[in-house]
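Residue-level structural notes
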Amino acid sequence: MTSNRKEEKSKSTTTTTRKNVGRKKGGGTGLNDWFIGIFGVAFVVSLSLNVMHLTIGDAHEDTNDIGGMGHSSNKEAAREALLRTMRDFRDNSASLKERRKRRMEKMKPLLDVDENSVEALDSDGGSDVEENSVGGSDIKDGGDSVKDGKKKLPLATLNCKPWGISDESNKAAQEMVYWQDIPSDSYYTPPFYEMNHQKGKERKYMTFEPDGGGWNNIRMAMESTIAIALATGRTLVMPPQKKMYLLGAQKGGQKHHFNFVDFFPIERMATDNKAFEVVSMQEYLEEEALKGKLVNKETGKVEFPPGNRTDWDGIDQKDYDDLRFYLRSVSHTLEWRPSKCLPAFPSSGNHEDVEILQKLAGTVTKLGSHHHIDGTELFKVDDPNPLSRLEDTLSGRKKLCVYDEGDQNEKVVHFQMNHKEGLRLLTHFYSFLFFEDWREDLWMKRIVRDHLYYSDEIQCAAARIVEKVRDHKSKLTNGNSKEFISFHVRRGDFQFKDSWISIEKLIENTQDLIPANSVVFIATDERDKSYFEPMKKKYNLLFLDDFVGELKGVNSNYYGMIDQLVASRGSKFFGCWHSTFTSYIMRIRGYHSIKDKAEGYEHGTLPTTYYYTPKNLQLEMHKYSPIGGAFFNREFPTSWRDIDKGIVELASSISRHS
């Protein structure tokens, strides 16, 4: 399609020679260079300060905080801090290539999988390797114990010591962890990645405009864009830091312009995963735009960014409009509307296979929507025949969006946030993308689970509060219980007025499921806590506001995310229909159910998760539901059910291609 651009304002184009700005080609990702630069500055500053300390002597020993370790009492502490600074700098300045090499060393046991071991699968296609395990009889495990030829996947860890949780309280931190460390997933690359990275091919990019709604709408669209970048094998360009809707609190001069790296471990994800490449907007513009490599899609002429500007961090809305209209003018916009079509990716990367999937979509349409799914006989996620998975995902959409040769050949593809044109990725990544290869489908779901979790700072703040809530319950019960119940009560700017109910109605809808005097943590955007007074008469209520000490030093713009994580740990959880805030809590609970092998995990059901309104949907998460409805207004079990299948098969395919 011809890319959209600002109608009321035509931008001049020029082909005059510009000074080349930016690093050499192949110099690494912008985010990694950015982080390395930060560490470089930190090293120089720390080196200078510590050398000064060593030189000056004891004059300031009672006032200097060396290396964040408290007051120093002797020069030895300064020397240790200096060595630690040098060690940290050396560790963090390692190149992306070297870090991936170290990651590869961890993977060797997986890549040594005997291809014959994959033939030892159950007749129904399921693996005889135990849940959450990798490998087979021929796996070399590097010295770790392997029982019966099966090696347990290591659960990832969360280090909260930098965020105030001691070793004694480390259990509180580990409780938050639901993601896993699966080395073979880190080395897998989809078909289009392989096509784009053939020798002599130019780098291909994907740019996008963040969603303009609330945080969980923004997060949802971000997950989809990262998944598309992975599926298409393109380098993702991160938007610049800017204010996000409802995340602009400037309390105490705190940071209030954000990028996704502030909320998720994006840099770590790029380091650990071969298939994921990401650059900053600044590097993209320096490397591509200022070197005359971006062409206006309407005029066919080279177009430079407004004012030749490359650093757009901290921009206001006017500047952002200038940038996004420029990106639209030099990119190929993919018109993928979630409610109209389902983007599909063939197992081979060939267009012919997409045409086969298109015929399958027609078959599903003729059979009728979800004719075989009754909640008791679920489709097998590892069935090589994609028909059942397609039926579960298509959800009334009549066609597949074909990522064809024309799209693939574009240097840059772009996703707009454009209400007028109906272009908005307000959907879950797993309800929006379809993969012919079941292994790739499950891989994508694991990648999102295992890498797109909230940052350590946010997780650890939530862990501190969960620990305090459990301690509170323990004191009330003389140590007999640490369980608490949680709610998300949405008020604020919620546009779905049928979900606005009185507190009396909320109590009426839920009181049969909550014992009297229970400890109840409530995540809410309701500022007037008097709304909850009738509920306080029945239960022991706690809010995020009650944990000021645990939130000391935490950016208040993170509070909503912390609320989500704390609420996800309730023994029972009650949420609000239509709320994407509630929905993400439910998906996190789904991830935890897999880790804990909780009741119903085999079918993707959550029997301790409820909606407090509407009453007729209260038990909706107690049964399996195929993807449907408006997509965004709830999470679906397919995002967590059986997603750890296929790890051995995927590792074997990597081994063959290695």
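Before reading further, recall that the structure is shown in the block above.
Residues numbered from 1 in each chain as written. Predicted model: local features only at pLDDT ≥ 70, side-chain atom pairs only at ≥ 80, totals over all residues. Heavy atoms only, no water.

In this section: the packing of aromatic side chains. Taken as a whole, this structure holds 28 aromatic pairs when the rule is applied. Residues Trp-336 and Tyr-403 carry aromatic rings whose centres are separated by 6.2 Å and whose planes lie at 75 degrees to one another, so their mutual orientation is edge-to-face. With Trp-336 in the loop between strand E6 (332-333) and strand E7 (341-345) and Tyr-403 in the loop between strand E8 (399-402) and helix H13 (405-409), the pair connects residues that are 67 residues apart, well separated along the chain. Taken as a pair, Trp-336 and Tyr-403 share a single burial class, namely buried. An angle of 90 degrees between the planes, with centres 5.4 Å apart, marks the rings of Phe-429 and Tyr-430 as edge-to-face. Its relative accessible area of 2% is what places Phe-429 among the buried residues. On the accessibility criterion, Tyr-430 (4% relative accessible area) is buried. These aromatic residues form a ring-pair network of at least three members: Phe-192, Trp-336, Phe-345, Tyr-403, Phe-415, Phe-432 and Phe-435. (Phe/Tyr/Trp six-rings, centres within 6.5 Å; stacked < 30°, edge-to-face > 60°. Helix = DSSP H or I, 4+ residues; strand = E, 2+ residues; numbered from the N terminus. Buried < 20%, exposed > 50% of the residue type's maximum accessible area, 1.4 Å probe, protein only.)

Right, let's talk about the layout of surface pockets for a bit. Taken as a whole, the second largest pocket encloses approximately 1200 Å³ of empty space. The wall of the second largest pocket is formed by 41 residues, among which Leu-246, Arg-490, Asp-525, Gly-560 and Phe-581 lie closest to the centre. When contributions to the lining of the second largest pocket are tallied by element, the ones reaching two or more residues are helix H7 (215-232), strand E12 (519-524), helix H19 (559-567) and helix H20 (580-596). A per-element tally of the lining of the second largest pocket places H19 first, with five residues. In the lining of the second largest pocket, the residues fall into 16 nonpolar, 15 polar and 10 charged. In this structure, the lining of the second largest pocket is formed jointly by two domains, domain 1 (183-247 + 257-448) and domain 2 (456-624), each of which donates at least three residues. (1 Å grid on protein atoms, 1.4 Å probe; cavity = no way out; pocket = protein on both sides within 12 Å on 5 of 7 lines; lining within 4 Å. Points joined across faces, edges and corners; volume = space filled by probe spheres on them. Nonpolar A, V, L, I, M, F, W, Y, C, P; charged D, E, K, R; others polar. Domains from an automatic or database assignment.)

Right, let's talk about the sheet that holds E7 for a bit. Across the sheet, which stays open at both edges, the three strands sit in the order E8-E7-E10 with parallel pairing between neighbours. Sheet topology places E8 and strand E10 (434-435) at the edges, where each strand pairs with a single neighbour. In terms of strand pairing, E7 meets E10 through two bridges, oriented parallel. Within E10, the residue paired with Ala-344 across the bridge is Phe-434. (Pairing = 2+ DSSP bridges.)

Here we take up the nonpolar core. Core analysis: the largest hydrophobic core is formed by 109 residues, its most contacted members being Trp-215, Phe-263, Phe-521 and Ile-562. The element contributing the most residues to this core is H7, with 10 residues. Each of domain 1 (183-247 + 257-448) and domain 2 (456-624) accounts for three or more of the residues forming this core. Those residues in contact with Phe-263 that sit more than four places away from it in its chain are Trp-215, Met-244, Leu-247, Phe-258, Tyr-453, Tyr-454, Ser-455, Ile-458, Tyr-558 and Met-561. Formed by 20 residues, the second largest nonpolar core is a distinct cluster that contains Ile-503, Val-520, Met-535 and Leu-541. (Core = buried A, V, L, I, M, F, W, Y, C linked by side-chain atoms within 4.5 Å. Contact = heavy atoms within 4.5 Å.)

Within this structure, the stated rule accounts for 34 salt bridges. Across the pair Arg-309 and Asp-319 runs a salt bridge, and its minimum N-O distance is 3.4 Å. Taken together, the residues span a long stretch of sequence, with Arg-309 in the loop between helix H9 (281-289) and helix H10 (317-329) and Asp-319 in helix H10 at a distance of 10 residues. Note that Lys-623 and Glu-620 form a salt bridge whose closest N and O atoms lie 4.0 Å from each other. Taking the relative accessible area as the measure of exposure, Glu-620 reaches 14% and is therefore buried. Salt bridges sharing common partners tie together Glu-209, Asp-321, Arg-324 and Arg-328. (Salt bridge = Lys/Arg side-chain N within 4 Å of Asp/Glu carboxyl O.)

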